[in-house]
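A structural walkthrough
Each chain is listed here by its residues.
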Amino acid sequence: MFRHPEENDGFCHGTLLTERHVLTTAICTETIVLNETIAVLGEYERNRDLDCDSNGNCTDPIMELTIGNYIAHPGFKGSSFEYDIALVVLNANVTYSNSIQPICLPLTPIIASSVHIPVQYDVLWPEEGALPKQIPMKYVPHAICEKFTANLLILHEGQICAKYERQMAARLMNGSGSPLLVEFHDRIFQLGILSIGLANATYRDPYVYVNITTHANWIHNTILNDMQ
């Protein structure tokens, strides 16, 4: 989660890829102030300093690191949200722990089939609560999604859509940059990055995500270039 130093609540989400790189949307980087904006890692319950269960077992302390740089995709277009993807570079290396781990990215598309239907969900801190929500989602084909987005934008290859699997009270408001995750072969992969939510969306309306697999080469090459 990203937040400004004078605020307690975050304004965008992201996922850790390396000890120094966080994946998010290009839109999220527009409000980042270098060397001031904070990346919060390992957070669970936002209104407690330490996250502990009833037996006194506590998670590792959170890490708060300032952001030294960000690299937005050069093809990003604010009008269409095409290539709405970016890498945030932290000012210091993250220390991995039980509560701070990098996410796995798929190198090839993970597609639902009659043999295996992946479990998909979005994870974020909703605006109305202190605990993160795991929101079950399901894939929406482009042709169907375009009926909802026709008056706003034209969908591109690098975008995918998903909607709530069932009616829920939780909303994806302020969830830009949050991951669309999928369980596949006993591992969790990040399939997408939340980019666009329709105004006044209901549980029936799809959300537009950045398709990770179509940007895998850009992510890989950008990290390598930054580490040189």
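Up top is the structure these notes are about.
Note that the coordinates shown come from a computational prediction; the quantities given were computed from them, not determined experimentally. Each chain has its residues counted from 1, running along the sequence as written. Predicted model: local features are reported for residues with pLDDT of at least 70 only, side-chain atom pairs are reported and counted for 80 or more only, and whole-chain, interface and lining totals are derived from all residues. Side-chain numbers here rest on the full set of heavy atoms in the structure, without hydrogens or water.

**Focus on the overall build of the chain**
What counts here: Labels follow the DSSP assignment, with helices taken as runs of H or I lasting at least four residues and strands as runs of E lasting at least two, numbered in each case from the N terminus. The contact definition used throughout considers only heavy atoms, calling two residues in contact when any of these lie within 4.5 Å.
For the chain, the count of helices and strands is three helices and 12 strands. Taking the intrachain contacts of the chain between residues at least 6 apart in sequence as the baseline, contacts between residues at least 24 apart amount to 66%.

**A few points about the state of the cysteines**
To be explicit about the condition: Two cysteine sulfurs form what is called a disulfide whenever their separation falls within 2.5 Å. Classification of residues uses two cut-offs on accessible area relative to the type maximum, computed with a 1.4 Å probe and protein chains only: under 20% is buried, over 50% is exposed, and between them is partly exposed.
A full pass over the atoms with the stated rule returns two disulfides. At a sulfur-sulfur separation of 2.1 Å, the disulfide partner of Cys-12 is Cys-28. One disulfide, between Cys-12 and Cys-28, carries an S-S torsion of -85 degrees and so falls in the left-handed class. One end of the pair, Cys-12, is in the loop between strand E1 (2-3) and strand E2 (15-16); the other, Cys-28, is in helix H1 (residues 26-29), with 16 residues separating them in the sequence. Its relative accessible area of 0% is what places Cys-28 among the buried residues. For Cys-145, the disulfide goes to Cys-161, at an S-S distance of 2.0 Å. Because the torsion about its S-S bond is -75 degrees, the bridge between Cys-145 and Cys-161 counts as left-handed.

**A word on the environment of Ile-85**
For Ile-85, the position within the fold is in the loop between strand E5 (63-72) and strand E6 (86-90). Here Ile-85 falls in the buried class, since its relative accessible area comes to 0%. Taking the C-alpha atoms as reference points, Ile-85 and Ile-27, separated by 58 residues in sequence, lie 7.9 Å from one another.

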